[in-house]
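# Fold and contact review
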Amino acid sequence: MGACTAILHAEAPDKYASWLRNLARVERAGGRLTLKAPSRFHCNYVQMHLLKHVLMACQAVDPDVTDIALVI
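Described below are features of the structure shown in this document. Numbering of residues starts from 1 in each chain and follows the order in which that chain's sequence is written. Local features in this predicted model are restricted to residues of pLDDT 70 or higher, and side-chain atom pairs are both shown and tallied only at a pLDDT of 80 or more, whereas totals for entire chains, interfaces and linings draw on every residue. Excluding hydrogens and water, the side-chain figures rest on all heavy atoms present in the structure.

This paragraph deals with helix 3 (residues 40-49). Using a 1.4 Å probe on the protein chains alone, a residue whose accessible area is under 20% of its type maximum counts as buried, one over 50% counts as exposed, and one in between counts as partly exposed. For the purposes of this entry, the term helix denotes a DSSP run of H or I that reaches at least four residues, the term strand denotes a run of E that reaches at least two, and both are numbered from the N terminus. Restricting attention to buried positions, one finds in helix 3 the residues His42, Cys43 and Val46. Relative to the axis of helix 3, the buried residues are bounded by an arc of 100° and lie together on one face. Exposed and oriented more than 90 degrees from the buried face of helix 3 are Arg40, Phe41 and Met48. It only takes one pair of heavy atoms within 4.5 Å for two residues to be counted as in contact. Buried residues in helix 3 make contact with helix 2 (13-20), helix 4 (51-61) and strand 3 (67-71). Here the arc refers to the directions that run from the helix axis out to each C-beta atom.

If you want it as structure tokens, here you go:
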């Protein structure tokens, strides 16, 4: 996620620092990227407000990413 995180940080440093930098890559299976959030609240917030942006940033780096799953 290195290039993806760089895009997310450049687009919204405040959101990256508060919500996105604490997401950890779990695995990549086919087009699905699984990320781990530090808490249920964190997971829910990212899913509701930021997941679309994370997916677009990942697709800018790797167009084969079609889905992002968040786990706790």
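Here the narrative resumes, following the displayed structure.
Tracing the sequence through the fold places histidine 42 in helix 3. On the accessibility criterion, histidine 42 (7% relative accessible area) is buried. Excluding its chain neighbours within four sequence positions, the residues that come into contact with histidine 42 are Ser18, Trp19, Asn22, Leu23 and Ala37.

From the geometry alone we can't say anything about function, so treat these as descriptive.
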